[in-house]
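# Summary of the model geometry
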Amino acid sequence: MVPITEAKPTSAPHRTERLDPAVTDDGAGRAMIAPDFGLCLDILEKIALETSVERVSSAIAENLIALGSFTLGHVLLHRDGTLQPAAFARRGEPAITDAAEIPRLSAAILRKAAEFLATRQAGADLGRGDGEGDMYLCQPLYKGDNAVGVLVLQEGTARSAMTSSDFALVHTLAPHLASALAAAMDFDELVEGNSRRRESEEQLQSARAALTRASQRSVMEGLAASIAHETNQPLLGIASSAAASLRWLRRPTPNIEEVVANIEDIKAAAARMEEIIRAVRALAKQVPPISGRIDIDDLISEVLRLTGPELALAGVLVTKHLAASGRTFAGDRTQLQQLVVNLIYNAIHAMASRPEDRRRLEITSWIVDDVAYVTIRDTGSGIPDEIADRIFEPFFTTRPEGMGIGLSISRTVAEQHGGSLAIRQTGPEGTEFLFTIPDGPR
């Protein structure tokens, strides 16, 4: 927007004349004459070669100043309710389109320009407007009912006064100039829109690439964390069996049978680690589980046997109420074992702060309508309501040493088998998890 400055005081007479093209008098006592249509066509041909607002405004200012009695010319565009400078030309010099370099119009001329635009009438102001011209002409530019802008054309002190032919020329050109400027504004908006669209597309592609990288990184981090979490127990078993083997070998009379038994345990733990890594990789890659027929109660009993040493070490009393026997379900045995293992270790950690005589684990199973139900209940301190909805999120944990992976993996296993895993109830006296496994082909 053109900065407004106060008009300079002047002792010269000051009066405004409105020009009506329908009369033969210009209001200043001068007779109107027909415009030079050859000049009109020449100007319009030059302007028609341009497309952008900057080039069209520049062409209008330069070509109008080159004709008639005008010395200075401003092209103001009507944008956002204000008149903003688009181009300025001085006779014999190239037009200026940089708003920062365009000379300021006085506050008086700006007010008159806005008034003439509002009334849709051209006007000639007699008297010094801004110290550079003896007289200036304001010509509103309209395309239909839409205000496009205003031309402010000034005569110089060293030149003859404006003539009726000048007024007639500008008035005749006005609707065509307005159309050219409106088309240029539409063109600039289209170019800017396309540019923004290209930028948006580039930003979208960049965001997609970043998202893909972040997703891949997250998958790799999750896979690494899952493997570390799931192989922790077999590794502890291997370390324990190896230490026991060394003790048996270092005795005065080595017990080879015990050493062999421990080595068998190490071999079994290594095989289990291999199965765990396979299962975790399958989860990460969304590979369907390896189907087999599984007795849910047998699977639970096997997991309790595997986790027995840890349960005993933690002082946890286990109670079983298993009623899903005599029927098998389709599923991946290793993944379902890991689901139960994770829930058992979660219970052990939840009860760690309880007195040892209050650490109880209760496992119950039953079948209803071809669906196996299993609950695992502990006597820990429960899960606060404010985090109950987040405990299945990957990497969410309330324990400083925890990884936040176990429950997330367990829910994924249940869902990949067509079932579910949820908190059945929780409170100050403990938490009960429920998971379901429906029967069906996998």
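Residues numbered from 1 in each chain as written. Predicted model: local features only at pLDDT ≥ 70, side-chain atom pairs only at ≥ 80, totals over all residues. Heavy atoms only, no water.

What follows concerns the pairing of strand β12 (residues 420-427). As judged from the 7 bridges shared by β12 and strand β13 (residues 430-438), these two strands associate in the antiparallel manner. Of the residues in β13, the one forming a bridge with Thr-426 is Thr-431. Linking two consecutive strands that pair antiparallel, namely β12 and β13, is a turn of 2 residues. (Pairing = 2+ DSSP bridges. Helix = DSSP H or I, 4+ residues; strand = E, 2+ residues; numbered from the N terminus.)

What follows deals with the packing of aromatic side chains. In total, this model carries 2 aromatic pairs according to the counting rule given. Relative to Tyr-373, the ring of Trp-366 lies with its centre 5.5 Å away and its plane at 5°, an arrangement referred to as stacked. Judged by its relative accessible area of 24%, Trp-366 falls in the partly exposed class. Note on Phe-392 and Phe-433: the rings are 6.3 Å apart at their centroids and 85° apart in plane angle, and the pair reads as edge-to-face. Taken as a pair, Phe-392 in the loop between α9 (385-388) and α10 (406-416) and Phe-433 in strand β13 lie far apart in primary sequence, 41 residues in all. Both residues of the pair, Phe-392 and Phe-433, count as buried. The ring centre of Tyr-142 lies 4.0 Å from the NZ or CZ of Arg-120, which sits over that ring. Sitting over the ring of Phe-329, Arg-327 keeps its end group 5.3 Å from the ring centre. (Phe/Tyr/Trp six-rings, centres within 6.5 Å; stacked < 30°, edge-to-face > 60°. Buried < 20%, exposed > 50% of the residue type's maximum accessible area, 1.4 Å probe, protein only. Lys NZ or Arg CZ within 6 Å of the ring centre and 35° of its normal.)

The next thing to look at is the pattern of salt bridges. Following the criterion strictly, the structure yields 12 salt bridges and no others. Across the salt bridge formed by Arg-55 and Glu-50, the nearest N and O atoms sit 3.3 Å from each other. Of the residues examined, Glu-50 reaches a relative accessible area of 23% and is grouped as partly exposed. One salt bridge in this structure joins Arg-327 and Asp-370, with 2.7 Å as the shortest N-O distance. Of this pair, Arg-327 sits in the loop between β8 (317-322) and β9 (328-331) while Asp-370 sits in the loop between β10 (360-368) and β11 (371-377); the two residues are 43 residues apart in sequence, bridging distant segments of the chain. Using a relative accessible area of 27% as the deciding quantity, one classes Arg-327 as partly exposed. One connected set of salt bridges, linked through shared partners, spans Arg-293, Arg-327, Asp-370 and Asp-439. (Salt bridge = Lys/Arg side-chain N within 4 Å of Asp/Glu carboxyl O.)

Let's shift gears to helix α8 (residues 333-350). Compared with the 26 Å implied by 1.5 Å per residue over 18 residues, the 26 Å span of α8 between its first and last C-alpha is a close match. Burial within α8 is extensive, with 14 of its 18 residues counted as buried. Backbone nitrogen of Thr-334 and a side-chain oxygen of the N-cap are separated by 3.1 Å at the start of α8; the cap is Asp-332. (Expected span 1.5 Å × (residues − 1). Polar contact = N/O pair within 3.5 Å; in protein donor to acceptor, adjacent residues only side chain to side chain.)

Turning to the sheet that holds β12, a few remarks are in order. Pairing in this open sheet of 5 strands is mixed, and the strands run β8-β10-β11-β13-β12 from one edge to the other. Both edges of this open sheet fall to β8 and β12, since each of them pairs with a single strand only. Strand-to-strand twist across the sheet, computed as the mean angle between neighbouring axes with direction ignored, equals 15°. (Axes fitted to C-alpha atoms, helices over the stretch in contact; angles between N-to-C directions.)

Bringing the packing of helix α1 (residues 37-48) against helix α2 (residues 53-65) into the picture now. Running from N to C, α1 and α2 point in directions that differ by 155°, and their axes come no closer than 9 Å. Overall, the two elements α1 and α2 adopt an arrangement that is roughly antiparallel. For the pair α1 and α2, the crossing hand works out as right-handed. Here Ile-43, Lys-46 and Ile-47 of α1 come into contact with α2, specifically with Val-56, Ala-59, Ile-60, Asn-63 and Leu-64. Its residues assigned to classes, the contact of α1 with α2 comprises 6 nonpolar, 1 polar and 1 charged. (Parallel < 35°, antiparallel > 145°, perpendicular 65-115°, else oblique. Left-handed = near helix turned anticlockwise from the far one by under 90°. Contact = heavy atoms within 4.5 Å. Nonpolar A, V, L, I, M, F, W, Y, C, P; charged D, E, K, R; others polar.)

Right, let's get into the packing of α8 against α10. Remark: α8 packs on α10, axes separated minimally by 9 Å, with the N-to-C direction vectors making an angle of 145°. Classified by chirality, the crossing of α10 by α8 is left-handed. Within the contact between the two elements, α8 uses Gln-335, Leu-336, Leu-339, Asn-342, Leu-343 and Asn-346 and α10 uses Gly-406, Leu-407, Ile-409, Ser-410, Val-413, Ala-414 and Gln-416. Counted by class, the contact of α8 with α10 contains 7 nonpolar, 6 polar and no charged residues.

For the rest of this paragraph, the subject is the nonpolar core. Among the nonpolar cores identified, the biggest contains 40 residues, and Leu-343, Ile-344, Leu-361, Ile-363, Phe-433 and Phe-435 are the most heavily contacted of them. Broken down by element, this core gets its largest block of residues, 9 residues, from α8. If you look at the next biggest cluster of nonpolar residues, it comprises 35 residues, including Val-56, Ala-59, Ala-174 and Ala-178. (Core = buried A, V, L, I, M, F, W, Y, C linked by side-chain atoms within 4.5 Å.)

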